[in-house]
Amino acid sequence: MRAMQYERFGGPEVLREADVPDPVAGPGESLVEVAAAGVNFGDIKQIAGEHTEGPYAPKGPLPRIPGMEVVGRTADGRRVLGYVAQGGYAARTVVADRDLVTLPDGVSAGEALALLVQGLTAWHLLRSVARIRPGESVVVHAAAGGTGSLAVQLAREFGAGRVIATASSDEKRAFALELGADAAVDGGAEGYRERVLDANHGHPVDIILDAIGGPVLDSALDALGYLGRLVTYGASSRQAAAAIDPGRLAVDSITVAGFWLIPLIAAEGAGGPALEELLDLAARRRLRPLVGAAYDLGHARDAHEDLMARRTKGKLILSP
C-alpha cells in the first residue's frame, strides 16, 4: 500500500513515499481504509525524534509511518474517525476500537479531523481541568489557532458569561470575534493585565487557557480573580515562565494546572462521550471546526513545511 515514512529523524525532508505491506488488525482493532489523515505539530515532533522515550512515544524501529488522526471506512462500511499513535499517513491503518467513533452525517473529513486532537484538547481544558461553571469569564490565548478557535466556541457553548480572545494580529482578533468571542485583545505580555481586565469590564477573570507560556503566563496570573484557574497546555513562545511563588497562589486561591491529551487517550481511549459531543455539535452547526488546505499524501513534506512556517490556517489534511 501507499504510505509516507521516515528512516531517520529530522525535518520534513526525511519523509519519503514508499510501498509498504498492508497492516493486519488484531483483536480489539479495526482495519481502516483511510480517506484523509490529519496533520499535527505532533507529527513534526515524531519525525524530529522528540518524545522518543516513555509510555506515550511511538513504538518500533525505524522506518516508521507518522500520523495520529484518520478518517475512513472499516471493513463493515462504517465511516469513522480514529486516533493512532502512528501510522496515519497511509492508504490503510489499524485503529484500536476504543479509539474509533462513527461519524455523523454532515460532518466532513476535515471537520472531523479538526475535532480529534485539537477538539478533545479544548473540551478537556474547559470541562475536565478548568471545570467551567455557567457565567464565568474565560480568556483563550492564541484564539485563532486550531485548539484556541474551538475553545472560544466551546466556552460559549458551555455557558461562559464572557469570552475574551487574545491573538497577535488584527486579522486574527477579528476572526476570534466572528467565532463568538465577546472581546479580542493583543496577547503580548506587556500590558496584558490592563487589556484583559478592560475587556472584562474592569474585573479579574475566572479562567485562562494558555498555550504560549513564558512571560505571557507570568502576566496572565495577575489577571485572575479569586478561585481563578490557569491551565497551561503548551509553550509556543519557547520561553520559560518564572517560578511561581505558592504564596502568590494562596492569596486569591488560584489554581495553576497543566494538560496534555495523549496520556488521557492512552488511559481511556479517544472514542467516547467527549468526542461524540464534539461531532454532534459540529453536525448541528453549533461548532465550526476550521478546515484548511488539503494535500496529496505524497506532498506531506509540503504540508509540514507550510505548517512550520505558519503559512496555513485551519486543519491540514492529506489524501492517500
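These numbers were taken from a predicted model, which means no experiment stands behind them.

Asks: Looking at this model, I keep getting lost on the overall build of the protein. Mind explaining?
Replies: Within the protein one finds 10 helices and 15 strands. The C-alpha atoms of the protein give 20 Å as radius of gyration, which agrees with the globular expectation for 320 residues (20 Å, within 12%). Its C-alpha atoms give the protein principal-axis dimensions of roughly 60 × 40 × 35 Å. The contacts in the protein between residues at least 6 apart in sequence include a share of 68% that link residues at least 24 apart. As displayed, the protein offers around 13,900 Å² of accessible surface, 51% of which is attributable to carbon and sulfur atoms. Distance between charge centres in the protein, computed from 32 positive and 40 negative side chains, equals 1 Å.

Asks: Mind showing me how you'd approach the nonpolar core here?
Replies: Nonpolar side chains in soluble globular proteins tend to be buried together. Counting 57 residues, the largest nonpolar core has Leu81, Leu154, Leu209 and Leu279 as the members making the most contacts within it. In terms of residue count, the dominant contributor to this core is helix H2 (residues 109-129) (11 residues). Once residues within four sequence positions are removed from consideration, leucine 209 is found in contact with Leu125, Leu126, Val139, Val140, His141, Ala151, Val231 and Tyr233. Counting 30 residues, the second largest nonpolar core, distinct from the first, contains Met1, Ala37, Leu100 and Leu318.

Asks: Which parts of the structure should I look at to understand the pattern of salt bridges?
Replies: Two side chains with opposite charge may pair up if their charged atoms get near one another. Taken as a whole and assessed by the stated rule, the structure comprises 16 salt bridges. A salt bridge links glutamate 33 to arginine 92; the shortest N-O distance between them is 3.0 Å. Placement of glutamate 33 in strand S3 (residues 29-38) and of arginine 92 in strand S6 (residues 92-96) is noted, with a sequence separation of 59 residues between them. Residue class for glutamate 33 comes out partly exposed when judged on its relative accessible area of 41%. For arginine 92, a relative accessible area of 18% corresponds to the buried category. Of the charged contacts in the structure, one is a salt bridge between arginine 285 and glutamate 111, with a shortest N-O distance of 3.1 Å.

Asks: I keep staring at the sheet that holds strand S12 (residues 224-232) and nothing clicks. Help me out?
Replies: The strands that make up a sheet are held in pairs by hydrogen bonds between backbone atoms, and each pair lies either parallel or antiparallel. Read from one edge to the other, the open sheet built from six strands follows the order S10-S9-S8-S11-S12-S13, with strand pairing classed as parallel. At either end of the open sheet lies a strand with only one pairing partner, and these are strand S10 (183-186) and strand S13 (255-258). Pairs of neighbouring strands in the sheet enclose a mean axial angle of 20 degrees, with direction left out of account. Taken together, the four bridges between S12 and S13 define a ladder with parallel strand orientation. Each bridged residue has a counterpart across the sheet, and for valine 231 the counterpart in S13 is alanine 257. Helix H4 (residues 170-179) contacts strand S9 (162-167) and S10 of the sheet and is inclined by roughly 160 degrees relative to S10.

Rules used throughout
- Residues numbered from 1 in each chain as written.
- Predicted model: local features only at pLDDT ≥ 70, side-chain atom pairs only at ≥ 80, totals over all residues.
- Heavy atoms only, no water.
- Helix = DSSP H or I, 4+ residues; strand = E, 2+ residues; numbered from the N terminus.
- Rg over C-alpha atoms; globule rule 2.2 N^0.38 Å.
- Contact = heavy atoms within 4.5 Å.
- Areas by Shrake-Rupley, 256 points an atom, 1.4 Å probe, with all protein chains shown as cover.
- Lys, Arg positive; Asp, Glu negative; His and termini not counted.
- Charge placed at Lys NZ, Arg CZ, Asp CG, Glu CD.
- Core = buried A, V, L, I, M, F, W, Y, C linked by side-chain atoms within 4.5 Å.
- Buried < 20%, exposed > 50% of the residue type's maximum accessible area, 1.4 Å probe, protein only.
- Salt bridge = Lys/Arg side-chain N within 4 Å of Asp/Glu carboxyl O.
- Pairing = 2+ DSSP bridges.
- Axes fitted to C-alpha atoms, helices over the stretch in contact; angles between N-to-C directions.

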